[in-house]
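In case you want the letters, here they are:
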Amino acid sequence: MTAGIGHNSGRVIEPGHSWRKHVWAKARRDLMPTLPVEIVRLRVKRAAQLGLPYKTYAGIRASSGHDLIGFMFSNNALHVLRDGQGLPADRAAKLDALVDTARTGLGHRPVTPTHLADLPGIDRAFAAPRFSDSWSRMRDRMREIIISQGQPADRFVLIGDTAFEREWAEAAQMAGYLSAAQFFR
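What comes next concerns the included structure. Keep in mind the model is a prediction, meaning the values are calculated, not measured. (Residues numbered from 1 in each chain as written. Predicted model: local features only at pLDDT ≥ 70, side-chain atom pairs only at ≥ 80, totals over all residues. Heavy atoms only, no water.)

1. A closer look at helix α2 (residues 37-50)
Step number 1: For α2, spanning 14 residues, the distance from its first C-alpha to its last is 20 Å, which sits close to the expected 20 Å at 1.5 Å a residue.
Step number 2: All buried positions along α2 are accounted for by R46, A47, Q49 and L50. Seen from one end, α2 has its buried residues packed into an arc of 160 degrees, which puts them on one side. The exposed residues of α2 that point more than 90 degrees off its buried face are R41, K45 and A48.
Step number 3: Next to the buried residues of α2 lie α3 (54-64), β1 (70-74), α5 (89-97) and α9 (180-184).
Step number 4: Two residues or fewer past α2, G51 is found with a positive phi of approximately 70 degrees. (Helix = DSSP H or I, 4+ residues; strand = E, 2+ residues; numbered from the N terminus. Expected span 1.5 Å × (residues − 1). Buried < 20%, exposed > 50% of the residue type's maximum accessible area, 1.4 Å probe, protein only. Arc of directions from axis to C-beta. Contact = heavy atoms within 4.5 Å.)

2. Regarding a nonpolar patch on the surface
Step number 1: Among the surface-exposed residues, L35, I39, L42, V44 and Y54 lie close enough to one another that they form a single nonpolar patch of about 400 Å² accessible area.
Step number 2: No other element matches the 3 residues that α2 contributes to the nonpolar patch.
Step number 3: Structurally, L42 can be placed in helix α2. (Patch = residues over 30% accessible without salt bridge, like charges linked within 9 Å, V, L, I, M, F, W, Y side chains within 5 Å. Areas by Shrake-Rupley, 256 points an atom, 1.4 Å probe, with all protein chains shown as cover. Salt bridge = Lys/Arg side-chain N within 4 Å of Asp/Glu carboxyl O.)

3. A few points about the nonpolar core
Step number 1: F71, F73, L78, I159 and F183 are the most contacted members of the largest nonpolar core, which totals 26 residues.
Step number 2: Elements with a minimum of two residues in this core: α2, α3, β1, α4 (75-78), β4 (156-160) and α9.
Step number 3: A per-element tally of this core places α9 first, with 3 residues.
Step number 4: If near-sequence neighbours (up to four positions away) are discounted, I159 is found in contact with F71, M72, F73, S74, A77, L178, S179, A180, F183 and F184.
Step number 5: Counting residues in hydrophobic clusters, the runner-up holds 18 residues, among them F126, L158, A169 and A171. (Core = buried A, V, L, I, M, F, W, Y, C linked by side-chain atoms within 4.5 Å.)

4. A word on the packing of aromatic side chains
Step number 1: Tallied over the full model, the rule gives 7 aromatic pairs.
Step number 2: Pairing F73 with F184 gives two aromatic rings, centres 6.1 Å apart and planes at 40 degrees, and the pair type is tilted. Remark: F184 occurs in helix α9 and F73 occurs in strand β1; sequence separation between them is 111 residues. Each member of the pair, F73 together with F184, is buried.
Step number 3: These aromatic residues form a ring-pair network of at least three members: F71, F73, F183 and F184.
Step number 4: Sitting over the face of the ring of F183, K94 holds its NZ or CZ atom 4.6 Å from the ring centroid. (Phe/Tyr/Trp six-rings, centres within 6.5 Å; stacked < 30°, edge-to-face > 60°. Lys NZ or Arg CZ within 6 Å of the ring centre and 35° of its normal.)

Here is the structure:
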């Protein structure tokens, strides 16, 4: 059985391998855009406004093709597990430091959207999809929330604390998902 056209028949290292590797790497570098230093400075500044390391911001921006305009936070990520509970000091300080960034809360029962919306640093809040929701119902709920934001989903990143919440970002086709530990560190 022989491989078809375009198939490399496995990773065969034969004479000239290092040269082909060099040429391939150079071709990939040449395809990557070289950004003017002014653009890089603006993006570094925007990453700081979003409270993200530049590498994380650049990766999300490259995958979505757009600048980020906001975050959606699960109540788990905010460490708010019931109504009447305030934000921990580290969470409040991080939210307060965000500049020109939409901050939306997503509340699981027993946390209500009204309680989340009253927290300092949260601009608006919604009921999160239920754990018992089907994939399609979860997707539809997340789309409703995104539509109410008036911006495309790929302009937002979800900050969560569980694998279930990661699925929300995937269902809504958001720009990405970051764990609370990554975002609030």
